[in-house]
Amino acid sequence: MAKKNDIGFWIDKKGDAVHEGNVKATEKIKDELVEKLISKACNARDTIFEFKANAFGEVEDYYNLLLQEFGVDEKRNSKKGNLTIENFSGTAKIAISVADRIAFDEKLGIAKIKIDEYLHEITKDANADIQTLITKAFEVDKKGDVNAKKILSLKSYEITHPLWIEAIEIISQATEVVSSKSYIRFYTRENIDEEYKQIPLDIAGV
């Protein structure tokens, strides 16, 4: 329900106190509708949160059972990576993936200087598209952060120039995993000749 003061007056968006008799019937219906649906949404969120926790727990229990079967000490292998399990008929599967959030320390600036030196040295012979891609990799977003994927993609370039090799090594030293998040997704299909379709559950944020 809407907020009320000590004597039962309704508090509006401006913070003014309004006597209940002066609140339109449609406003009361709208207030009740919003409160009811918000309450149901919160209950649904809690249900999804509980389901997500239980699903992770049950998959982990199964994985630990496999560790026992193959004589592996689960305490020494507590960190789980990506994992996919499928039902006997191949018509349902559960996929767990782990995504690391990558950040770079102050040495990334040094790597950028080395790459700028490299680009300056080979400007005449460099492919313009490659130069653009390399330069864009260091662009920052509105928060001032670089795109980790673009930075790490520089490692795939087969460039043997000493300055480039040195820069890539510095990037490796500057890279650190600041957090990891696990995701669980569920898929089904009618038969094994079809592509799997994900069951749409927005549980990443809970």
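Cut-offs and rules
Residues numbered from 1 in each chain as written. Predicted model: local features only at pLDDT ≥ 70, side-chain atom pairs only at ≥ 80, totals over all residues. Heavy atoms only, no water. pLDDT = per-residue confidence, 0-100. Helix = DSSP H or I, 4+ residues; strand = E, 2+ residues; numbered from the N terminus. Pairing = 2+ DSSP bridges. 1 Å grid on protein atoms, 1.4 Å probe; cavity = no way out; pocket = protein on both sides within 12 Å on 5 of 7 lines; lining within 4 Å. Points joined across faces, edges and corners; volume = space filled by probe spheres on them. Phe/Tyr/Trp six-rings, centres within 6.5 Å; stacked < 30°, edge-to-face > 60°. Lys NZ or Arg CZ within 6 Å of the ring centre and 35° of its normal.

Concerning the confidence of the model for the chain
Here comes step 1: Of all residues in the chain, 93% attain a pLDDT of 70 or more, and the chain-wide mean is 89.
Here comes step 2: The element-level mean pLDDT for the chain is lowest in helix α3 (residues 128–137), coming to 82, with strand β6 (residues 197–198) highest at 96.

So, the pairing of strand β5 (residues 175–188)
Strand residues, when the strand is regular, have side chains that alternate between the two faces of the sheet.
Here comes step 1: Pairing geometry for strand β4 (residues 92–104) and β5, over 13 bridges, is antiparallel. Across the sheet, residue Phe104 finds its bridge partner in β5, namely Thr175.
Here comes step 2: Judged from the two bridges that link them, β5 and β6 form a sheet pairing that is antiparallel. Across the sheet, Thr188 pairs through a bridge with Lys197, a residue of β6.

Let's talk about the layout of surface pockets
Here comes step 1: Considered as a void within the structure, the largest pocket measures approximately 410 Å³ in volume.
Here comes step 2: Along its surface, the largest pocket is lined by 14 residues, and Trp10, Ile11, Asp12, Val23 and Glu27 are the ones closest to its centre.
Here comes step 3: Only β1 (10–11) and α1 (25–69) provide two or more residues apiece to the lining of the largest pocket.
Here comes step 4: Broken down by element, the residue count for the lining of the largest pocket peaks at four residues, all from α1.

Let's talk about the packing of aromatic side chains
Here comes step 1: Per the counting criterion, the structure on display carries four aromatic pairs.
Here comes step 2: An aromatic cluster of three or more residues is present, and its members are Tyr118, Tyr157 and Trp164.
Here comes step 3: The lysine or arginine in question, Lys93, covers the ring of Tyr187, its NZ or CZ lying 5.0 Å from the ring centre.
Here comes step 4: The cationic tip of Arg189 hangs over the ring face of Tyr196; the distance from NZ or CZ to the ring centre is 3.9 Å.

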